[in-house]
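Reading the structure
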Amino acid sequence: MIDARALRKDFPVLDQRVNGRPLVYLDSAATAQKPRPVIDAVRRFFEEDNANVHRAIHALGERATAKYEEARRKVARFINAPSERTIIFTKNATESINLVAYSWARARLKPGDEILVSPIEHHSNLVPWQLAARATGATLRFFDVTEDGQLRLDNLDSLISERTRLVAVTHVSNVLGTIVPVASIVAAARRAGAVVLVDGAQSVPHMPVDVQALGCDFFAFSGHKMGAPTGIGVLYGREELLEAMDPFLGGGDMISSVRLSGSEWAELPYKFEAGTPPIAEAIGLGAAIDYLTAIGMDRVHAYERRLTAYARERLEQLPGITIYGPKERGGLLTFNVDEIHPHDLATVLDQHGIAIRAGHHCAQPVMEWLGVPATARASFWVYNTEDDVERLVEGLRAAKEFFGYVA
Ligand code: 7TS
């Protein structure tokens, strides 16, 4: 079991008071805090090595390039990608998904083709497909969802046919916490010859991920939810698919030769990395991966499961609370308290130094499915403890009192 109290000391931002109370940060699903080794790696890069990559023939340029490429190798190892050629740095999960929507989907889909999407997606794994469908005449279809917020898999064979070209699905829902059994979906998609994209924004920071074991064709995630800086994301793609795709963005660094009459593309992964990339951010991501690897992703997952189960148990003891999503879940709890708007709840909790997220969580169709305009969400990471859960419970009691309900 991990020692969250000890790990907490690695995160300088957590050592502060908010509205007179020690900060309890329960919004890591939006963005996670950064451990000292990540902050140091970024600072060291700027203090010692800063230069552009892949171009300068001088010591700093070579060091910057070596560190940037080392970060790529760390990412490949972390998600068990077969080669670093399959790892493309982007600015976030959203851009990674859009890269596939533009370079793969728009160039290949035609009227009559189908894209199968789950209705529990973050907007970033739904809107790019709506746009691609509109541009190509393809049709969106949707998985069914069980009452407790899991994808129905027993009718997959009626949803996936030879018309299905792409299946886009989240690995872990950012609202319901649902852990999607991606490997079974990949198996069904394979039988129909469809390509599978997995949104791993909420899985990579919280559990071991092996893209080869999942068998998916594309896998997207963001660095900032796993302790890395903002501005760095990853797209893993199967090499044959990436090789066959045209570039997403054009510019410097993504070409092998340019003439006025036309250009040739650089080899993978550079074909998809136009312009000066997020160098310091990628190096920060490498440091975040080192940090998480030293803890062990199995242990992170086991710890979060235990903490989330504890939180669920404690919250369920409060009257008037509705918790959404399945029992087996990732490290977050989404809920509502009778008669209190989640924004009001978040405001009162903030007064108590507790940061949660309230709103539609960039997943409006999930809100529609739940039949509520918004929810509150507490999300956990390696630095959260049972004490944080107790502070949340105390804050919720205070909110109920404040709004005139007896706790
Ligand atoms: N996919 C999922 C499942 C997410 O939870 C998020 C962000 C994204 C994609 C997009 O990530 P980005 O880094 O490209 O913005 N989710 C949240 C959230 O739940 N609260 O704030 C951001």
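Further up the page is the structure itself.
Below is a short write-up of the structure. (Residues numbered from 1 in each chain as written. Predicted model: local features only at pLDDT ≥ 70, side-chain atom pairs only at ≥ 80, totals over all residues. Heavy atoms only, no water.)

The next point concerns the overall build of the chain. Helix and strand counts for the chain come out as 14 helices and 17 strands. The globule rule puts the C-alpha radius of gyration for 407 residues at 22 Å, and the 22 Å found for the chain is close to it. Its C-alpha atoms give the chain principal-axis dimensions of about 75 × 55 × 35 Å. Considering the chain as a whole, with its 407 residues, one finds that 57% of them fall into the buried category. In the chain, 71% of the contacts between residues at least 6 apart in sequence involve partners at least 24 apart. Accessible area for the chain stands at about 16500 Å²; split by element, carbon and sulfur atoms hold 51% of it. (Helix = DSSP H or I, 4+ residues; strand = E, 2+ residues; numbered from the N terminus. Rg over C-alpha atoms; globule rule 2.2 N^0.38 Å. Buried < 20%, exposed > 50% of the residue type's maximum accessible area, 1.4 Å probe, protein only. Contact = heavy atoms within 4.5 Å. Areas by Shrake-Rupley, 256 points an atom, 1.4 Å probe, with all protein chains shown as cover.)

What follows deals with the site of the ligand. The environment of the ligand is made up of 17 residues, and the closest members are Thr 94, Asp 199, Ser 222, Arg 357 and Arg 377. The contact in question runs from an oxygen atom of the ligand to an N or O atom on the backbone of Ala 93, over 3.4 Å. Ser 222 has a polar side-chain atom sitting 2.6 Å from an oxygen atom of the ligand. Of the residues in the shell around the ligand, the class split is four nonpolar, nine polar and four charged. (Near = heavy atom within 4 Å. Polar contact = N/O pair within 3.5 Å; in protein donor to acceptor, adjacent residues only side chain to side chain. Nonpolar A, V, L, I, M, F, W, Y, C, P; charged D, E, K, R; others polar.)

Between helix 3 (residues 59–78) and helix 10 (residues 279–295), the least distance of the axes is 8 Å, while the angle of their chain directions is 40°. In terms of orientation, helix 3 and helix 10 fall into the oblique class. When the axes of helix 3 and helix 10 are compared, the crossing they make is left-handed. Where helix 3 abuts helix 10, its residues Lys 67, Tyr 68, Ala 71, Lys 74, Val 75 and Phe 78 lie against Ile 279, Ala 282, Ile 283, Leu 285, Gly 286, Ile 289, Asp 290, Leu 292 and Thr 293. Split into classes, the residues belonging to the contact of helix 3 with helix 10 amount to ten nonpolar, two polar and three charged. (Axes fitted to C-alpha atoms, helices over the stretch in contact; angles between N-to-C directions. Parallel < 35°, antiparallel > 145°, perpendicular 65-115°, else oblique. Left-handed = near helix turned anticlockwise from the far one by under 90°.)

Moving on: the sheet that holds strand 7 (residues 164–170). Pairing is mixed in the open sheet, where seven strands are placed in the order 4-10-9-8-7-5-6. Strands with a single pairing partner mark the edges of an open sheet, and in this sheet they are strand 4 (87–90) and strand 6 (139–142). Direction aside, the axes of adjacent strands within the sheet are offset by 20° on average. Examined bridge by bridge, strand 4 and strand 10 (residues 233–237) share four bridges and lie antiparallel to one another. Considered in strand 10, the bridge of Ile 88 is made with Leu 235. Here helix 3 sits on the sheet and contacts strand 4, strand 9 (218–222) and strand 10; the angle it forms with strand 4, its principal contact strand, is near 120°. (Pairing = 2+ DSSP bridges.)

Tracing the backbone shows Ile 160 in the loop between helix 6 (156–159) and strand 7. The exposure class of Ile 160 is buried, given its relative accessible area of 5%. Linking Ile 160 and Phe 143, residues 17 residues apart in sequence, is a C-alpha distance of 9.6 Å. Among residues more than four places away in sequence, those in contact with Ile 160 are Leu 116, Val 167, Ala 188, Ala 189 and Ala 192.

All right, on to the side chain of Ser 103 then. Tracing the sequence through the fold places Ser 103 in helix 4 (residues 93–108). Judged by relative accessible area, which is 4%, Ser 103 ranks as buried. Residues in contact with Ser 103, not counting those within four places in the same chain, are Arg 108, Met 245, Asp 246, Pro 247, Phe 248 and Phe 272.

Turning our attention to the sheet that holds strand 14 (residues 332–337). Spatial ordering of the open sheet is given by 13-14-17-16, a layout of four strands whose pairing is antiparallel. Of all the strands in the sheet, just strand 13 (321–324) and strand 16 (357–359) have a single pairing partner and so form its edges. Recorded for the sheet is a direction-independent mean angle of 30° between the axes of neighbouring strands. Both strand 16 and strand 17 (residues 375–379) contribute to a ladder of three bridges, which runs antiparallel. Bridge pairing in strand 17 links Arg 357 to Arg 377. Each of strand 13 and strand 14 is contacted by helix 11 (residues 297–316), which is oriented at about 10° to strand 14, the strand it contacts most.

Next up on the list: the packing of aromatic side chains. Aromatic ring pairs: the centre-centre distance and the angle between the two ring planes describe each pair. Counted according to the given criterion, the structure contains nine aromatic pairs. Aromatic pair Phe 11 and Trp 381: ring centres 6.1 Å apart, planes at 75°, arrangement edge-to-face. On the criterion of sequence distance, the pair formed by Phe 11 in the loop between helix 1 (4–8) and strand 1 (17–18) and Trp 381 in the loop between strand 17 and helix 14 (386–402) is long-range, its members being 370 residues apart. By relative accessible area, which is 1% here, Phe 11 ends up buried. (Phe/Tyr/Trp six-rings, centres within 6.5 Å; stacked < 30°, edge-to-face > 60°.)

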